[in-house]
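Listed below are the residues making up each chain.
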Amino acid sequence: EQEKLFTSDVSHELRTPVAVILSQCEYASQPDATQDDRREALASIRTQANRMSGLLSGLLTLARADQNRLPLRRERILLNDLAAIVCEEQQDLADSRKISLHLKADPDLWADADESMMIRLLINLISNAIRYGREGGNVWIRLTGTETEIQGHIKDDGIGIPKDQLELIWNRFYQVDPARTGGTNAGPGKEGGYGLGLPLVKWIVTAHRGTVSVSSQPGKGSVFSFRFPRFCPGPSEERSTAS
């Protein structure tokens, strides 16, 4: 049943961009189409092709994770610096919705973690907060650490999530507000806007032997929280986690 639902969801997500591309090709091929018409059609085709590329990239990443073919490349990273870089990268998206980003991170948040995965984790959570945040509102990013653990909280003051949907948001392709998809995809993660970002967030945190959770009130916003150990497990633990 899950496989049938997954196939249906993928088909649904791809149907619209493919239809737009075909119609724009037909429009641009008309004998009376002007140069401006063709440029406009090409711009639309490029937008939809980028959307499909982002969707397929997210699907490929999750497929590799399912098959244990997405190994972690742990190294010593400074998470507070990564958070600052991601916030700067997400600033244009925040500005487009007049949302203010507030980053507060403890200094020297060194951790043994996969840098590229940590970037995707932060991009997906922060862009998600912006996407579903209140226009003209705020997003707060808080990172803290102890000797053994790092904790993160991403809070927005947006539309929130109904209580009966809190567990469903971790399912692939599930979105609280399906009307607000695409168009706001940003950053190398490219999972946001397709219902793939949060499933990947959960996999990343779990792969780092951590946990992720969400609390929310409709109309008041949501808080996504994660925690994971700062230090790399031993070889035997690493093999156990991969299996």
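Residues numbered from 1 in each chain as written. Predicted model: local features only at pLDDT ≥ 70, side-chain atom pairs only at ≥ 80, totals over all residues. Heavy atoms only, no water.

Undergrad: What is the right way to look at the overall build of the protein chain in this model?
TA: The helix and strand inventory of the protein chain stands at 7 helices and 7 strands. Listing each helix as α and each strand as β along the protein chain from the N terminus yields α-α-β-α-α-β-β-α-β-β-α-β-β-α. Within the protein chain, the proportion of its 243 residues that are buried is 43%. Considering only intrachain contacts with a sequence separation of at least 6, the fraction spanning at least 24 residues in the protein chain is 74%. Element-wise, carbon and sulfur atoms account for 52% of the exposed surface of the protein chain, whose accessible area totals about 13100 Å². (Helix = DSSP H or I, 4+ residues; strand = E, 2+ residues; numbered from the N terminus. Buried < 20%, exposed > 50% of the residue type's maximum accessible area, 1.4 Å probe, protein only. Contact = heavy atoms within 4.5 Å. Areas by Shrake-Rupley, 256 points an atom, 1.4 Å probe, with all protein chains shown as cover.)

Undergrad: Before we go on, may I ask you to explain the sheet that holds strand β4 (residues 138-145) in this structure?
TA: Pairing between the strands of a sheet is mediated by backbone hydrogen bonds and can be parallel or antiparallel. A sheet is described by the order of its strands in space; here 5 strands give the open sequence β2-β4-β5-β7-β6, paired in mixed fashion. Two strands lie at the open edges of the sheet, namely β2 (100-105) and β6 (211-217), each paired on one side alone. Between one strand and the next, the sheet's axes are offset by a mean angle of 10°, whatever the strand orientation. Judged from the 7 bridges that link them, β4 and strand β5 (residues 149-156) form a sheet pairing that is antiparallel. (Pairing = 2+ DSSP bridges. Axes fitted to C-alpha atoms, helices over the stretch in contact; angles between N-to-C directions.)

Undergrad: What exactly am I supposed to notice about helix α3 (residues 79-89) here?
TA: Given 3.6 residues to a turn, an α-helix orients residues that are three or four positions apart in the same direction. Taken together, the buried positions of α3 are L79, N80, L82, A83, V86 and C87. Along the long axis of α3, the arc covered by the buried residues comes to 155°, so they all point the same way. Seen from the open side of α3, the exposed residues pointing more than 90 degrees away from its buried face are I85 and E88. (Arc of directions from axis to C-beta.)

Undergrad: In this structure, what is going on with the packing of aromatic side chains? I would like to understand it.
TA: Aromatic rings considered in pairs are described by the distance between their centres and by the relative angle of their planes. Inspection of every chain in the model, using the stated rule, returns 2 aromatic pairs. Relative to F224, the ring of W170 lies with its centre 6.0 Å away and its plane at 85°, an arrangement referred to as edge-to-face. A residue pair is termed long-range when its members are at least 10 positions apart, and W170 in the loop between β5 and α6 (197-207) and F224 in strand β7 (residues 221-229) qualify at 54 residues. This pair shows no difference in class: W170 is buried, exactly as F224 is. An angle of 10° between the planes, with centres 6.1 Å apart, marks the rings of F226 and F228 as stacked. Taken as a pair, F226 and F228 share a single burial class, namely buried. (Phe/Tyr/Trp six-rings, centres within 6.5 Å; stacked < 30°, edge-to-face > 60°.)

Undergrad: I would appreciate a short explanation of the pattern of salt bridges in the present structure.
TA: Using the criterion set out here, one finds 4 salt bridges in the structure. Between R39 and D36 there is a salt bridge, and its shortest N-O distance comes to 2.5 Å. Note that R39 and D36 are positioned in helix α2 (residues 35-66) at a spacing of 3 residues, about one turn of the helix. (Salt bridge = Lys/Arg side-chain N within 4 Å of Asp/Glu carboxyl O.)

Undergrad: Help me out: how do you make sense of the pairing of β6 in this one?
TA: Consecutive side chains of a regular strand alternate in pointing toward one face of the sheet and then the other. Covered by surrounding structure in β6 are V212, V214 and S216 only, the residues T211, S213, S215 and Q217 on the alternate face being uncovered. Alignment of β6 against β7, held across 7 bridges, turns out to be antiparallel. Along β7, the bridge assignment pairs S215 with V223. The antiparallel hairpin formed by β6 and β7 contains 3 residues in its connecting segment, where G219 sits at a positive phi of about 85°.

Undergrad: Just checking my understanding: could you explain the nonpolar core for this structure?
TA: Soluble globular proteins tend to bury their nonpolar side chains together. Residues L79 and M118 are the most contacted members of the largest nonpolar core, which totals 49 residues. Among the elements that line this core, the one with the most residues is helix α5 (residues 115-131), at 9 residues. Contact partners of M118, with chain neighbours within four places excluded, come to I77, L79, L82, A113, I204, H208 and F228. (Core = buried A, V, L, I, M, F, W, Y, C linked by side-chain atoms within 4.5 Å.)

Undergrad: I tried to follow the side chain of S222 on my own but got confused; where do I start?
TA: Here S222 shows up in strand β7. Classification of S222 as buried rests on a relative accessible area of 4%. With near-sequence residues (within four places) excluded, S222 lies in contact with I154, K155, D156, G160, I161, S215 and S216.

Undergrad: Sorry if this is basic, but what is going on with the environment of G145 here?
TA: Mapping G145 onto the fold places it in strand β4. Put simply, G145 and R230 are 85 residues apart on the chain and 8.4 Å apart in space, counted from C-alpha to C-alpha.

By themselves, these are just geometric observations and shouldn't be taken as functional.
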